[in-house]
Amino acid sequence: MGMNKTFTQKVQDIVRKIPRGKTMTYKQVATKAGSPHAARAVGTIMSHNFDPSIPCHRVIGSDGKMHGYNRGGVGAKRTKLLEEGVKL
DNA sequence: TAGTTGACCGGAA
DNA sequence: ATTCCGGCCAACT
């Protein structure tokens, strides 16, 4: 009865659970999804996400910087995080 | 099926 | 502090 989830599905589930006011790096998400070396792939998946229930704006680079946001650009992403009380 | 691209990352220059 | 490079993986052509 293995609920075989694809890497993409796992990533989406993980990001969906990131609480307001908190962030995760692409690397952390990849590791939690079972592929520690797939940070880049996580970025690819996030870039394709347009589902509002998946807070992809809470996923940032491991250097603490932001790379992109398909819904308003990095400017909007930064604003959203500040609004949630995230320290940048 | 094979080759290219990109919202990554860590180390090196 | 910034730029560059190789490696990794999913999506796309």
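Located above this text is the structure these notes cover.
Residues numbered from 1 in each chain as written. Chains lettered and ligands numbered in written order. Predicted model: local features only at pLDDT ≥ 70, side-chain atom pairs only at ≥ 80, totals over all residues. Heavy atoms only, no water.

Here we look at the protein's contact with DNA strand C
We count it as follows: We call a residue near a molecule or strand when any one of its heavy atoms sits within 4 Å of it. Distance and chemistry together define a polar contact, namely a pair of N or O atoms within 3.5 Å, with one atom able to donate a hydrogen and the other to accept it when in protein, and with adjacent residues in sequence counting only for side-chain atoms on both sides. The helix and strand labels rest on DSSP assignments: H or I over at least four residues marks a helix, E over at least two residues marks a strand, and numbering proceeds from the N terminus. Amino acids outside the nonpolar list (Ala, Val, Leu, Ile, Met, Phe, Trp, Tyr, Cys, Pro) and the charged list (Asp, Glu, Lys, Arg) are all regarded as polar, and Gly is one of them.
Residues in close proximity to DNA strand C include Phe-7, Thr-8, His-37, Ala-38, Arg-40, Ala-41, Thr-44 and His-48, which together make up its full environment. Among all atoms of DNA strand C positioned within 4 Å of the protein, those belonging to sugar or phosphate total 71%. At 2.9 Å, a side-chain N or O of Thr-8 approaches a phosphate oxygen of DNA strand C. His-48 places a polar side-chain atom, nitrogen or oxygen, 3.3 Å from a sugar or linking oxygen of DNA strand C. Elements that contribute at least two residues to the surface near DNA strand C include exactly helix H1 (7-16) and helix H3 (39-47). Among the elements that take part in the surface near DNA strand C, H3 stands out by supplying three residues, more than any other. Residues of the surface near DNA strand C, tallied by class, amount to three nonpolar, four polar and one charged.

Brief notes about the protein's contact with DNA strand B
Lining the immediate surroundings of DNA strand B are 17 residues, of which Tyr-26, Arg-40, Thr-44, Gly-61 and Ser-62 lie closest. Backbone atoms, meaning sugar and phosphate, make up 46% of the atoms of DNA strand B lying within 4 Å of the protein. Here a phosphate oxygen of DNA strand B sits 2.8 Å away from a polar atom, N or O, in the main chain of Ser-62. Elements with a minimum of two residues in the surface near DNA strand B: helix H2 (26-32) and H3. Counting residues per element, the surface near DNA strand B draws most heavily on H3, at six residues. Looking at the surface near DNA strand B residue by residue, the classes come out as five nonpolar, nine polar and three charged.

Considering the pattern of salt bridges
The cut-off we apply is this: Definition used for salt bridges: Asp or Glu carboxyl oxygen within 4 Å of a side-chain nitrogen of Lys or Arg. Buried means the residue's accessible area, taken with a 1.4 Å probe over protein chains only, is under 20% of the maximum for its type, while exposed means over 50%, and partly exposed covers the values in between.
What the rule picks out here adds up to three salt bridges. A salt bridge links Asp-13 to Arg-16; its shortest N-O distance comes to 3.1 Å. With a gap of three residues between them, Asp-13 and Arg-16 both fall in helix H1, about one helical turn apart. Classification of Arg-16 as partly exposed rests on a relative accessible area of 37%. With a shortest N-O distance of 2.9 Å, Arg-58 and Glu-84 are connected by a salt bridge. Here the residue Arg-58 occupies a position in the loop between H3 and strand E2 (59-60), and Glu-84 occupies one in the segment after helix H4 (73-83), the gap between them amounting to 26 residues. Given the relative accessible area of 10%, Arg-58 is considered buried.

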